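If you want the building blocks of each chain, they are given just below.
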2 protein chains.
Amino acid sequence: MSETKHGNRTQTAADRLRQMIVAGDLAPGQRISERAIREHLEGLSRTPLREAFKILAGEGLVTISPNRGATVTALSMADVEDTMELLVGLEGLAAEPACKNILLQEIVEIEELHQRMVAAYRAEELMEYFELNQAIHQRIVDAAGNRALSRIYAAECARIRRYRFAGNRHHERWDRAVAEHEQILGFLKDRNGSLLREMLRAHYRNGWQVTRELIGWEFAGTDQEPDRK
Amino acid sequence: MSETKHGNRTQTAADRLRQMIVAGDLAPGQRISERAIREHLEGLSRTPLREAFKILAGEGLVTISPNRGATVTALSMADVEDTMELLVGLEGLAAEPACKNILLQEIVEIEELHQRMVAAYRAEELMEYFELNQAIHQRIVDAAGNRALSRIYAAECARIRRYRFAGNRHHERWDRAVAEHEQILGFLKDRNGSLLREMLRAHYRNGWQVTRELIGWEFAGTDQEPDRK
DNA sequence: CAATATATAATTGTATGCAATCAAGGCATC
DNA sequence: GATGCCTTGATTGCATACAATTATATATTG
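Residues numbered from 1 in each chain as written. Chains lettered and ligands numbered in written order. Predicted model: local features only at pLDDT ≥ 70, side-chain atom pairs only at ≥ 80, totals over all residues. Heavy atoms only, no water.

Thoughts on the protein's contact with DNA strand D
The full set close to DNA strand D counts 23 residues, and H6(A), R50(A), H6(B), R9(B) and T47(B) are the nearest of them. The sugar-phosphate backbone supplies 65% of the atoms of DNA strand D found within 4 Å of the protein. Residue R9(B) places a main-chain N or O atom 2.5 Å away from a phosphate oxygen belonging to DNA strand D. Secondary-structure elements contributing two or more residues to the surface near DNA strand D are helix 2 (34–40) and helix 3 (46–58) of chain A together with helix 1 (9–23) and helix 3 (46–58) of chain B. A total of three residues in the surface near DNA strand D trace back to one element, the largest contributor, which is helix 3 of chain B. (Near = heavy atom within 4 Å. Polar contact = N/O pair within 3.5 Å; in protein donor to acceptor, adjacent residues only side chain to side chain. Helix = DSSP H or I, 4+ residues; strand = E, 2+ residues; numbered from the N terminus.)

Put into structure tokens, the structure is as follows:
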């Protein structure tokens with residue numbers, strides 16, 4: 001079975017690289033030489049790889065400097081904060097239309113995600129918890145039924161994912177977050193848009209405050225000095 | 001003087017293509033074969049052109065179908081409406097921080113843009129008017145001081161630019177729009193965030209309502225049938 | 001004549017070679 | 001010994017050749 005089909009090497013490369021960056025396998029600021037990556041993603045030639053770089057650059061995940069190649073985009077604390085503020089705002093925009101438009105079926109699905117998230121919380125499965133948490137928020141935004149909004153929200157989440165995740169290692173916040181999620185679901189079911197918006201706002205701010213302190217000192221080394229060999 | 005310097009053919013191609021698409025030289029849904037473009041942008045080889053496609057695809061300006069090449073992204077009426085709604089929301093998010101953070105210098109600059117816009121309005125210089133109008137809104141958003149917000153706002157504006165422009169040909173809206181802009185500037189100077197937000201909201205909705213009707217029938221042909229040869 | 005199958009042309013996806021640029025180290029000079 | 005220049009190696013940008021896929025036109029058959 002020759003895996004050598006025509007038509008998706010670029011996309012595959014982009015997907016794998018995105019995964020690596022978003023999951024944090026590649027450090028921010030780190031240089032990604034075509035050579036190094038091709039050793040990991042064997043059998044890949046330069047052209048699709050370079051096209052993949054361009055795709056990821058468009059998503060803000062890598063930064064390309066002319067004649068100097070690609071690096072994993074390193075965000076400053078200010079960049080991350082700006083983006084968090086934007087995400088809060090986007091969820092706020094989604095709240096009322098989501099309450100108006102959401103189907104019972106969708107609420108059930110979100111509750112299911114929530115149950116799985118609680119299970120992951122009990123099992124202390126960090127990654128799973130984080131993923132489901134994000135998925136729930138995305139689903140709420142999606143429920144607003146605005147494709148442009150959903151797209152932007154997803155893209156911006158991906159961009160700062162690793163920074164938020166870095167602050168997720170401490171459990172103390174989790175139980176409160178779970179409680180907040182339950183309130184959020186409650187308002188969604190009651191279709192109370194304005195309260196949902198306020199709750200999402202508070203939820204985000206609470207979470208980010210914890211995260212910010214945890215990652216604060218991490219920035220000292222990673223960000224100011226873009227990269228070192 | 002050989003123009004054959006190394007390091008920016010891809011970017012140049014992307015810029016020129018973007019210009020063409022945003023300005024409306026290429027119709028939505030139209031196929032962009034590598035061949036055809038290379039005839040216009042002479043001396044360009046396939047590699048940088050294809051990389052430019054990927055960049056523009058990331059910006060949502062072109063759509064790439066595997067093994068079938070690139071087309072100018074054709075948005076449905078629903079897509080444009082979603083995006084307009086998002087833009088309203090983003091301006092709303094910007095309003096209060098903008099009032100808080102804007103410098104007098106920046107207000108002066110925006111007023112200058114406004115004066116130039118009024119002049120273009122009087123001279124009935126369609127394009128100039130439209131450009132300045134957009135620039136003013138961008139500057140207000142920028143004044144909020146959130147880079148992520150500014151970036152998204154600019155990108156989404158570009159994505160639907162040609163659709164909004166299509167409805168800009170009728171003058172009857174212009175005088176009202178100018179008046180609204182003056183109110184907007186007033187609230188900005190007064191640093192009245194909530195009124196600014198409401199005004200921006202109303203301004204957008206008024207403008208879009210006119211535009212929507214004007215472009216309504218244009219969609220019948222362009223959109224439902226993506227392209228035909 | 002319609003419909004399908006097949007061959008052929010056109011177009012896109014990928015690999016690779018060459019040119020230009022950048023980075024590092026050695027050498028000469030002060 | 002330090003500093004600046006030049007050479008050399010590595011890396012990126014671009015052009016082009018080749019492979020795979022899709023579209024088109026023709027022929028064949030019912």
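A short note on helix 8 (residues 172–190) of chain A
Here helix 8 of chain A spans 29 Å end to end across 19 residues, near enough to the 27 Å set by a 1.5 Å rise per residue. Positive phi appears at R191(A), one or two residues downstream of helix 8 of chain A, with a value of about 55 degrees. (Expected span 1.5 Å × (residues − 1).)

Some remarks on the interface of chain B and chain A
Counting from both sides, the interface comprises 28 residues of chain B and, opposite them, 28 residues of chain A. On the chain B side of the contact with chain A, E51(B), K54(B) and D82(B) bury the most area, a combined 24% of that side's loss. Viewed at the interface, chain A and chain B are joined by ten salt bridges. Ionic pairing is found between R50(B) and E51(A), a salt bridge with its closest N-O pair at 3.2 Å. Inspection of the chain B/chain A interface yields eight residue pairs in polar contact (both at pLDDT 80 or more). Those elements that provide at least two residues to the side of chain B that touches chain A are helix 3, helix 4 (77–101) and helix 7 (147–166) of chain B. (Contact = heavy atoms within 4.5 Å. Buried area = accessible area lost by both parts, 1.4 Å probe. Salt bridge = Lys/Arg side-chain N within 4 Å of Asp/Glu carboxyl O.)

A look at the relation of the copies chain B and chain A
Between the two copies, chain B and chain A, the superposition gives an RMSD of 0.1 Å; the rotation angle is 180 degrees and the shift along the axis is 0.1 Å. Expressed as an axis order, the relation between the two copies is that of a two-fold axis. Same-surface contact between copies: 100% of interface residues of chain B are shared with the interface of chain A. (Least-squares fit on C-alpha atoms with pLDDT ≥ 70 in both.)

Quick notes on the packing of aromatic side chains
The relative placement of two aromatic rings is captured by the distance of their centres and the angle of their planes. Within the structure shown, the criterion is met by eight aromatic pairs over all chains. Here the aromatic rings of Y121(A) and W174(A) are separated by 6.1 Å at their centres, their planes lie at 55 degrees, and the arrangement is tilted. In this pair, Y121(A) sits in helix 5 (residues 104–122) while W174(A) sits in helix 8, placing the two residues 53 residues apart along the sequence. A relative accessible area of 2% means that W174(A) is categorised as buried. Ring centres 4.3 Å apart and planes at 10 degrees place the aromatic pair Y129(B) and W174(B) in the stacked group. Here Y129(B), found in helix 6 (residues 126–143), pairs with W174(B), found in helix 8 (residues 174–190); they are 45 residues apart in sequence, far enough to count as distant. Like Y129(B), the residue W174(B) is buried in the burial classification. What links up through ring pairs into an aromatic cluster is the set Y121(A), Y129(A) and W174(A). For the cation-ring pair, R161(A) lies above F165(A), with the distance from its terminal atom to the ring centre recorded as 5.9 Å. (Phe/Tyr/Trp six-rings, centres within 6.5 Å; stacked < 30°, edge-to-face > 60°. Buried < 20%, exposed > 50% of the residue type's maximum accessible area, 1.4 Å probe, protein only. Lys NZ or Arg CZ within 6 Å of the ring centre and 35° of its normal.)

Description of the sheet that holds strand 2 (residues 62–65) of chain A
Residue and element names in this part refer to chain A. Taking strand neighbours across the sheet as the criterion, the three strands line up as 1-3-2 in an open arrangement whose pairing is antiparallel. Because the sheet does not close on itself, it has two edges, and the strands there are strand 1 (31–32) and strand 2. Pairing of strand 2 with strand 3 (residues 69–72) involves four bridges; the strand directions are antiparallel. Of the residues in strand 3, the one forming a bridge with T63 is T71. Here helix 3 sits on the sheet and contacts strand 1, strand 2 and strand 3; the angle it forms with strand 2, its principal contact strand, is near 115 degrees. (Pairing = 2+ DSSP bridges. Axes fitted to C-alpha atoms, helices over the stretch in contact; angles between N-to-C directions.)

Here we look at the nonpolar core
Ranked by internal contacts, the top residues of the largest apolar core, which has 93 residues, are L90(A), L188(A) and L90(B). Residues in contact with L90(A), not counting those within four places in the same chain, are L149(A), I152(A), Y153(A), L86(B), L90(B) and L93(B). (Core = buried A, V, L, I, M, F, W, Y, C linked by side-chain atoms within 4.5 Å.)

Considering the protein's contact with DNA strand C
Near DNA strand C, the surroundings consist of 23 residues, among which H6(A), R9(A), R68(A), H6(B) and R50(B) are the closest. One of the backbone N or O atoms of R9(A) is found 2.6 Å from a phosphate oxygen in DNA strand C. A distance of 2.8 Å separates a base oxygen of DNA strand C from a polar side-chain atom of R46(B). A class-by-class count of the residues in the surface near DNA strand C yields one nonpolar, twelve polar and ten charged. (Nonpolar A, V, L, I, M, F, W, Y, C, P; charged D, E, K, R; others polar.)

Observations concerning the environment of L200(A)
Residue and element names in this part refer to chain A. Position of L200 relative to the elements: it lies in helix 9 (residues 193–222). For L200, a relative accessible area of 2% puts it in the buried group. Along the chain, L200 and V210 lie ten residues apart, while their C-alpha atoms are 16 Å from each other. Not counting residues up to four positions away in its chain, the partners in contact with L200 are E91, A95, H137 and I184.

Focus: the pattern of salt bridges
Applying the stated criterion across every chain, the model contains 37 salt bridges over all chains. The closest approach of N and O atoms between K54(B) and E51(A), which form a salt bridge, is 3.7 Å. Of this pair, K54(B) sits in helix 3 while E51(A) sits in helix 3, on two different chains. E51(A) carries the same exposure label as K54(B), and that label is buried. Here E180(B) and R176(B) are joined by a salt bridge, their closest N and O atoms 3.4 Å apart. Here R176(B) and E180(B) lie together in helix 8, a separation of four residues that amounts to about one turn. Accessibility expressed as a relative area gives 5% for E180(B), which makes it buried. Among the ionic contacts, a cluster of salt bridges with common partners joins E34(A), R46(A), R50(A), K54(A) and E51(B).

So, the domain arrangement of chain A
Residues and elements named next belong to chain A. With domains assigned, chain A is organised as domain 1 (9–72) and domain 2 (77–222). A straight line from the C-alpha centre of domain 1 to that of domain 2 covers 28 Å. In this assembly, ten residues from domain 1 lie in contact with six residues from domain 2. At the junction of domain 1 with domain 2, the criterion picks out zero salt bridges. Our count for the contact surface shared by domain 1 and domain 2 stands at two residue pairs in polar contact (both at pLDDT 80 or more). Of the residues belonging to the side of domain 1 that touches domain 2, the class tally is seven nonpolar, two polar and one charged. (Domains from an automatic or database assignment.)

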